[in-house]
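For reference, the chains in residue letters:
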Amino acid sequence: MTLPQDRQPPEQELARLKARVQELEAELEQYKGRAGDLDKQLSAERAERQVIESTPPISPTPDLEQTLGRLVKRIAMILQAEKCVFMLHDPEAGELVAQRPAVGLSDEQVKVFRVRATHGASGEAFRDAKPVVLDDAVGDPRTVKENVALLNIRNIATVPLVMETRDEQERVVEKKTIGVLHVFNKRFGGMFSDEDVRLLTIMARQAAAVIASAQLYIELKQEKDKLEATLESILAGVMVVDMKGKVTLVNQAGRRMLGLTQEGEISAPLDEVIPDERIRELVKRSMTSQKESAAEIEVKKPAERVYQGQTTLIRDETGQPTGVVAIFNDISEIRNVERMKSAFVATVSHELRTPLTGIKGFISTLLSDTEGFFDDESRREFYTIIDQECDRLTRLISDLLNVSAIESGRALEVNYTPVDPTSLIEKTVSVQRSYTDKHELRVEIPERLPRIMADEEKLERILTNLMNNATKYSPHGGEVVVRAVREGDSIVVAVRDQGIGVPKDKQTKIFERFERVDTRDTREAGGAGIGLFLVKHMIEAHGGTIGVESEVGNGSTFTFSIPVEPKRAGGGGGSA
Ligand SMILES: Nc1ncnc2c1ncn2[C@@H]1O[C@H](COP(=O)(O)OP(=O)(O)OP(=O)(O)O)[C@@H](O)[C@H]1O
Ligand SMILES: [Mg+2]
C-alpha cells in the first residue's frame, strides 16, 4: 500500500488539522462573543421597551403607590437585584428619604432609611446628578455604614431621579433632581455592570415622570379643593347641570335655597333633584336655546324668599356647550326694601298732609273771620297749633334728609358741646307733657349727672323720638318714665312705657329704616318708620349703643348709652 503523492506524512497532516481546529475555535469564540454582545443588546432593548410599555400613561388620577410598586418590582427583576428602593429629596430636612413601595426592604426599614442629602452613595448621586456604582459597599469609604449594615448591602447601583419639564415641542426646558433610585445586591454573586446602570437610568426617568405626574395631580387636586371650598362658602347658590340634564354640583347655599336635603355630592337628573318647576324650566330653557336666561323666582318653601336666577352655558375649548351653570341670588331683602319704600312714600304723604291740613284749616278760619268772631285767646291757641304743626313738618323733612344722608353713606356730623343731661331731659319731658294729657311723664335721676360732651340738638331729638314713641304706642295712657344714671364712662338713659310692647322677633328690625310693626294699634298711631333708625344712628355717631326690652302688652324699655367724653379716633363706635 502506497500513500498518494500529494499526501503529506501523517504527523504533518495532524499538525495542520490541529492548527485549523484552533483557528476555527478562535473564530467560534469571536462569534460567540459577538453573539453574546448581540444578545445583551437585544435583552437591553427588550427591557427598555418593557419598561416603557409598562409605565402607564400619565393619567389624571394615578394610583401612585400601585404604579411605583410595579415599577420597582420590574426594575429589581430586570437588573437581578435583591433590593430596589427610591428616595425623594425633602428640601426642608435636607435629607433623602426612602419611599414605599420598595423591593427587598421591610416597611420598618423603609421608614428608617434616610440620609443627609450630601452623604453616602445616595448623596453623591443626588448632588452630582450622576450614577454611582459600588462593588464593595462594606469596604467602600463613601457608604454610610449604618445603612449598609441595616439593609445588609453588598453592592450598589444608584442613579439620580431627574424630573424633566418639557415645552410644547417636547424640548426639555428644565431638569430637576428630585431624588435617587437604588438597586442593591446583584443576585447570584454578581456585580452591577455599566449596562445595568444604563438600564437603571432609563427606568429612573420613567419613575421620575410618574412621580412628577403624581405631584402635578396632587397640586391640581389641592387647587380643585380650594376652588370647591370657595364655591361652597359663597352666598350665591350655584348649580351645575350637564347637557344630559344631570345635576353634577350644587353648592351649600344652592342646597339651602333650593330646599335640597341631601349632603355631599349630587349626581342625578334635574327632574329628580329640583322640586321647583320654574327652576327646572329656567335651566332647560338655557339648554334648548343655548343662550343665557334669567328669571325671578318666588318660593314659599323652606321659607318665603325671592331669588334672582341666572344661567350661563359652560363651553369646551371648541365652543360646544357642555353644561349649564345656574346662579341664584337671594333678592328678598331688596324686594322687601322696595315694598317698604312704596309703603313709606304712602305714609310720608299721609304724615305730611296731616299737619298741612291742620295749618291750612286754622289759617283759612282766621282769614275768613272778618267780623272778629274769635277772641284773642282762641286766636293765640290757633297760632300755637299752626306753630307746632310747622315744627312737626320741619322735623319730618329734616328726618327724611338725614335718612337719605345715612343711606348714601355720609356719616352723621356730631357737633360736640358741653351738655347738662339733667336739664336737657327735664326740658324735653316738659315739652312732651304739653302734647298729652293721657300719660304721666316722669323723670328719675337718682344721682347728680356730670356734664357730657355731646351734640345737644341730636340728644334732644333722640329723647323726643323715644318719648314720642312711648306715648304714641301707649294708646291707653299710663306712665312714661325717663331714668338716667351714670355707668362708668357713660350716661345710661332708659325710656320706659306701659304700652303695647314690641314682639320679640321685631325687636332688632324696628331699628331699621321704614320698619314698623304692622298692627291695628300702630297703623292708627301713624308714623314713617324712620324714628328709631335715626335714633340708633345718632347714638352710634356718639359712640353709644341702644337696645330694647319689651313684651307684647306689657310695655317697652328703650335703653341707650352716651359716652361722657367722645371716644378718640380708633375708639370705634361711630357709625353710618
Ligand atoms: N315704645 C314703643 N312701644 C311699642 N312699639 C314701639 C315703640 N317704639 C317703637 N315701636 C315700634 O317700632 C316701630 C318703629 O318705630 P319708629 O320710631 O322707627 O317709627 P314710627 O314711630 O313708626 O315712625 P316715625 O318715623 O314717625 O317715628 C314703630 O312703628 C312701632 O311699631
Ligand atoms: Mg317713632
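Please read these numbers as outputs of a predicted model, since none were measured by experiment.

Let's talk about the packing of helix α11 (residues 376–407) against helix α15 (residues 531–541)
It is at 10 Å that the axes of α11 and α15 come closest, and there the two elements cross at 60°. As summarised for this structure, α11 and α15 are arranged oblique, according to the angle between their axes. Note on packing geometry: the crossing formed by α11 with α15 is left-handed. Contacts between α11 and α15 involve D399, N402, V403 and I406 from the first element and F533, L534 and H537 from the second. Considering only residue class, the contact of α11 with α15 consists of four nonpolar, two polar and one charged.

Quick look at the pairing of strand β17 (residues 490–496)
Burial of β17 is extensive: six of the seven residues sit out of reach of the surface. Summarising the sheet, strand β16 (residues 478–487) and β17 pair through seven bridges and their orientation is antiparallel. Bridging from a neighbouring strand, E487 pairs with S490 of β17. Taken together, β16 and the strand that follows it, β17, pair antiparallel across an intervening segment of two residues, in which G488 is found at a positive phi of about 65°. Where β17 lies against strand β19 (residues 556–563), seven bridges are found, and the strand directions are antiparallel. Looking at β19, one finds that S490 is bridged to P563.

Considering the pattern of salt bridges
Counting across every chain of the model gives 32 salt bridges. Residue E82 is joined to R154 by a salt bridge in which the shortest nitrogen-to-oxygen separation is 3.3 Å. Taken together, the residues E82 in strand β1 (residues 81–90) and R154 in the loop between α5 (145–151) and β5 (156–166) connect sequence positions 72 residues apart. Exposure remark for E82: the relative accessible area of 28% places this residue in the partly exposed category. With a shortest N-O distance of 2.9 Å, K284 and D271 are connected by a salt bridge. Of the two residues, K284 sits in helix α9 (residues 277–289) while D271 sits in helix α8 (residues 270–273), which places them 13 residues apart along the sequence. The class for D271 is partly exposed, based on a relative accessible area of 47%. Put simply, E440, R442, E444, E479 and R483 are held in one network by salt bridges that share partners.

Details of the packing of aromatic side chains
The tally for this structure, following the rule as stated, stands at five aromatic pairs. Both rings, one in F362 and one in F382, keep their centres 4.9 Å apart while their planes meet at 40°; by these two values the pair is tilted. With F362 in helix α10 (residues 332–368) and F382 in helix α11, this pair connects stretches of sequence that are 20 residues apart. For F362, a relative accessible area of 23% puts it in the partly exposed group. We classify F382 as buried; its relative accessible area is 12%.

Overview of the sheet that holds strand β6 (residues 172–186)
Taken in spatial order, the six strands of this open sheet run β3-β2-β1-β6-β5-β4, and their pairing is antiparallel. The open sheet is flanked by β3 (114–116) and β4 (132–134), the only strands paired with a single partner. This sheet shows a mean twist of 25° between the axes of neighbouring strands, independent of strand direction. Relative to β6, β1 runs antiparallel, the two sharing seven bridges. Paired with A81 across the strands is K186, a residue of β6. Of the strands in this sheet, β1, β2 (95–103) and β6 touch helix α2 (residues 64–78), which is tilted by about 85° from β2. Helix-sheet contacts for helix α4 (residues 120–128) involve β1, β2, β3, β4, β5 and β6, and the interaxial angle to β6 is about 155°.

Reading the values: the criteria
- Within every chain, residues take consecutive numbers counted from 1 along the sequence as written.
- The lettering of chains begins at A and the numbering of ligands begins at 1, in the order of writing.
- Reporting of local features is limited, given that this is a predicted model, to residues whose pLDDT is at least 70; pairs of side-chain atoms are given and counted only at 80 or more, and all residues count toward the totals for whole chains, interfaces and linings.
- Hydrogens and water are ignored here; the side-chain numbers use all heavy atoms of the structure.
- Angles here are taken between N-to-C directions and fall from 0 to 180 degrees, while the axes themselves are lines fitted to C-alpha atoms, restricted in helices to the stretch in contact.
- Each helix is a run of DSSP H or I of at least 4 residues and each strand a run of E of at least 2, with the numbering of both proceeding from the N terminus.
- Should an angle fall under 35 degrees it is taken as roughly parallel, and over 145 as roughly antiparallel, whereas 65 to 115 is taken as roughly perpendicular and any remaining angle as oblique.
- Handedness of a helix crossing follows the sense of rotation of the near helix relative to the far helix, less than a right angle counterclockwise being left-handed and clockwise being right-handed.
- By the convention used here, residues are in contact when the closest approach between their heavy atoms is within 4.5 Å.
- Classes in brief: Ala, Val, Leu, Ile, Met, Phe, Trp, Tyr, Cys and Pro nonpolar; Asp, Glu, Lys and Arg charged; the others, Gly included, polar.
- Exposed residues in this analysis have more than 50% of their type's maximum accessible area, buried residues have under 20%, and partly exposed residues fall in between, with area computed by a 1.4 Å probe over protein chains only.
- By this definition, two strands are paired if DSSP reports at least two bridges between them.
- Any Lys or Arg side-chain nitrogen located within 4 Å of an Asp or Glu carboxyl oxygen qualifies as a salt bridge.
- Ring geometry is summarised as follows: Phe, Tyr and Trp rings, the Trp one being its six-membered ring, pair when their centres sit within 6.5 Å, and such pairs are stacked at plane angles under 30 degrees, edge-to-face over 60 and tilted between the two.

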